[in-house]
Amino acid sequence: MTVLVTGGAGYIGSHTCLELLKAGYSVVVLDNLSNSSPESLNRVMSITGKNLEFVQGDIRDRACLKKIFADYKINSVIHFAGLKAVGESCEMPMHYYDNNVYGTIVLTQEMETAGVKKLVFSSSATVYGDPETLPLTEGMPLSATNPYGRSKLIIEDMLRDLQAADKLNKPANPWAITLLRYFNPVGAHESGQIGEDPNGIPNNLMPFITQVAVGKRKQLSVFGGDYDTVDGTGVRDYIHVVDLAKGHVKSIATLENGLTGVQAINLGTGNGQSVLQLVKAFEQENKIKIPYQISARRPGDVAACYADAGKAKALLDWQAELDVNAMVKDSWHWQSNNPNGYE
């Protein structure tokens, strides 16, 4: 079985490629390297002792996609490629809609032309908007508080419409789509060889912490200290990226085994941790002090967000296994071995 992984050189994508190779899949990666490095894929191959195919290109490039589907016998697609910074999306909304929404339109059209209709989409817990109750379940009302989240929600709606059209047209090869709504990935592979390597100032919490720990930044900026939470800082469901990657492999397997329709599935631990609780866990596990300052809230952020992951257990036979200590330990192992990321 051959899986096309769009955005496969990125943080979550590279870890998923590694787990796919370990599980015996053949992997083709499409990535424009706008926020990733091909070195991540070299290291994936080194860790696994297996090869994958890499194509540098953009999901909005029809000719590139046509060539991939012509050159490789693709059975299914995992779609990571997209922009993902909440703050940046508020500043550049059209850039996000062009890349994320239009890119997915082109991808699904070319998939359909090629007869490849098994898709795992990298969605996000941001589609739940500012929730009134917790934990978040897949049947809750959907909304968005920022353009990034709205782009994910629009794509989910598009994919539901795409599959609904199958009920009218009754094709021999219907769409089978899994929408993975995951929460806050952190951590790195235990080897310390692949991990999160953002361009410029990190948008996510863990690389900011590790860059402070390694001396690249003086202190951590904590956005918002006056939320209605345990310590005033935002609460999130942090999930180890390796657990997350394994969830994608399980999703591909269930599609190959005949799961049909569109299924939205949360990938999370079911537990919320505040920003300062995560900082404290990092300090205790790695014996490093992290100086921080409380800054203003970021536009589009919510106070708390954590998952009910029961559906993932029932449908995918998946649940998170790695705890917060593993998350902070593996994050530091990656950063301390690679103080400048993949450079």
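Since this is a predicted model, take the numbers as computed values, not measurements.

S.K.: So what exactly am I meant to see when it comes to the side chain of N338 here?
M.R.: When you line up the elements, N338 lands in the segment after α11 (324-337). Within polar-contact distance, the side chain of N338 engages the side chain of R43 at 2.7 Å.

S.K.: Can you help me understand the pattern of salt bridges in this one?
M.R.: Should the charged atoms of two oppositely charged side chains come close, the side chains can pair. In total, this model carries 17 salt bridges according to the counting rule given. With a closest N to O distance of 3.0 Å, D157 and R160 form a salt bridge. With D157 and R160 both in helix α6 (residues 147-169), this residue pair falls 3 residues apart, about one helical turn. Its relative accessible area of 26% is what places R160 among the partly exposed residues. For the salt bridge of K250 with D317, the shortest nitrogen-to-oxygen distance reads 3.7 Å. With K250 in helix α8 (residues 241-256) and D317 in the loop between α10 (310-316) and α11, this pair connects stretches of sequence that are 67 residues apart. Among the residues examined, D317 registers a relative accessible area of 48% and is labelled partly exposed. Where salt bridges share partners, they join E156, D157, R160 and R181 into one cluster.

Cut-off values and rules
Residues numbered from 1 in each chain as written. Predicted model: local features only at pLDDT ≥ 70, side-chain atom pairs only at ≥ 80, totals over all residues. Heavy atoms only, no water. Helix = DSSP H or I, 4+ residues; strand = E, 2+ residues; numbered from the N terminus. Polar contact = N/O pair within 3.5 Å; in protein donor to acceptor, adjacent residues only side chain to side chain. Salt bridge = Lys/Arg side-chain N within 4 Å of Asp/Glu carboxyl O. Buried < 20%, exposed > 50% of the residue type's maximum accessible area, 1.4 Å probe, protein only.

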